[in-house]
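Summary of the model geometry
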Amino acid sequence: MKVRPAHPADLDAVLAIRNHAIEHGTALWTDTPQTRDEGVAWLGAHLERGSAYVADSAGEVVGFGVYGPWKDYSGFRHTVENSVYVAEGHHGRGIGSDLLGTLVTSASAAGLHVMIAGIEARNTASVRLHERHGFEHAGTVREVGTKFGRWLDLTLMRRQLD
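Below you will find a few notes about this structure. (Residues numbered from 1 in each chain as written. Predicted model: local features only at pLDDT ≥ 70, side-chain atom pairs only at ≥ 80, totals over all residues. Heavy atoms only, no water.)

What follows covers the side chain of glutamate 120. Within the secondary structure, glutamate 120 sits in strand S5 (residues 114-120). The side chain of glutamate 120 is buried and forms no salt bridge, while arginine 122, the nearest opposite charge, is found at 4.1 Å. Ignoring any residue separated from it by four or fewer positions in sequence, one finds glutamate 120 in contact with Thr26, Trp29, Arg150, Leu152 and Asp153. (Helix = DSSP H or I, 4+ residues; strand = E, 2+ residues; numbered from the N terminus. Buried < 20%, exposed > 50% of the residue type's maximum accessible area, 1.4 Å probe, protein only. Lys, Arg positive; Asp, Glu negative; His and termini not counted. Salt bridge = Lys/Arg side-chain N within 4 Å of Asp/Glu carboxyl O. Contact = heavy atoms within 4.5 Å.)

Right, dumping it as structure tokens:
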């Protein structure tokens, strides 16, 4: 398995992983799967920034990671938020760690200052992953989202890049 920059041809695989997370998990707080057209625009923005990577295992995309603006206001232009997703059946192999490490390295090289992670508070695996990569707990905001008929808490983690 290797992590490489994403290409437009990776869209369908990335979209499948992303939509599986939407339909079956609480990592993405939406009930609506992303359409192909939405995916083209979403991935395209990351490709333009150079902030999209995939985990490639013998030609199969088994995970992806991106970072993008945390907030749209100019005062936040040096802060980004990351997202890392691993395809069903490929967890526990270090794929998420390799992707997150690549995102941190890339964002640092781009001269960014802080990377944020917004994690559903019960996702202890993601919290531990981010801790291993130098992220610190910045706070938890209670019951700010809902999915599958329950309220969700958002844990914010941060890592200084420079």
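Picking up after the structure, the text goes on.
This next bit is on helix H3 (residues 95-109). Given a rise of 1.5 Å per residue, 15 residues ought to cover 21 Å, and the 21 Å separating the end C-alpha atoms of H3 matches this to within 8%. Phi turns positive, to about 80 degrees, at glycine 111, one or two residues after H3. (Expected span 1.5 Å × (residues − 1).)

Hydrogen bonds along the backbone pair up the strands of a sheet, which may run parallel or antiparallel. Strands sit in the order S1-S2-S3-S4-S5-S7-S6 across an open sheet of 7 strands; the sheet is mixed. The sheet terminates laterally at strand S1 (2-5) and strand S6 (136-147), the two strands that pair on one side only. Recorded for the sheet is a direction-independent mean angle of 25 degrees between the axes of neighbouring strands. Bridge count between strand S4 (residues 79-86) and S5: 3 bridges; the pairing is parallel. Looking across to S5, one finds that valine 80 is bridged to methionine 115. (Pairing = 2+ DSSP bridges. Axes fitted to C-alpha atoms, helices over the stretch in contact; angles between N-to-C directions.)

In an α-helix, one turn spans 3.6 residues; hence positions three or four apart end up facing the same way. Spanning 14 residues, helix H2 (residues 36-49) covers 20 Å between terminal C-alpha atoms, matching the ideal 20 Å at 1.5 Å per step. Here H2 has its buried residues at Gly39, Trp42, Leu43 and His46. Down the axis of H2, the smallest arc covering the buried residues is 90 degrees, so these residues share one side. Exposed positions of H2 whose direction lies more than 90 degrees from the buried face are Asp37, Ala41 and Glu48. Residues of H2 that are buried make contact with helix H1 (11-24), strand S2 (52-57) and strand S3 (60-69). Among the residues trailing H2, glycine 50 stands out with phi positive, at a value near 75 degrees. (Arc of directions from axis to C-beta.)

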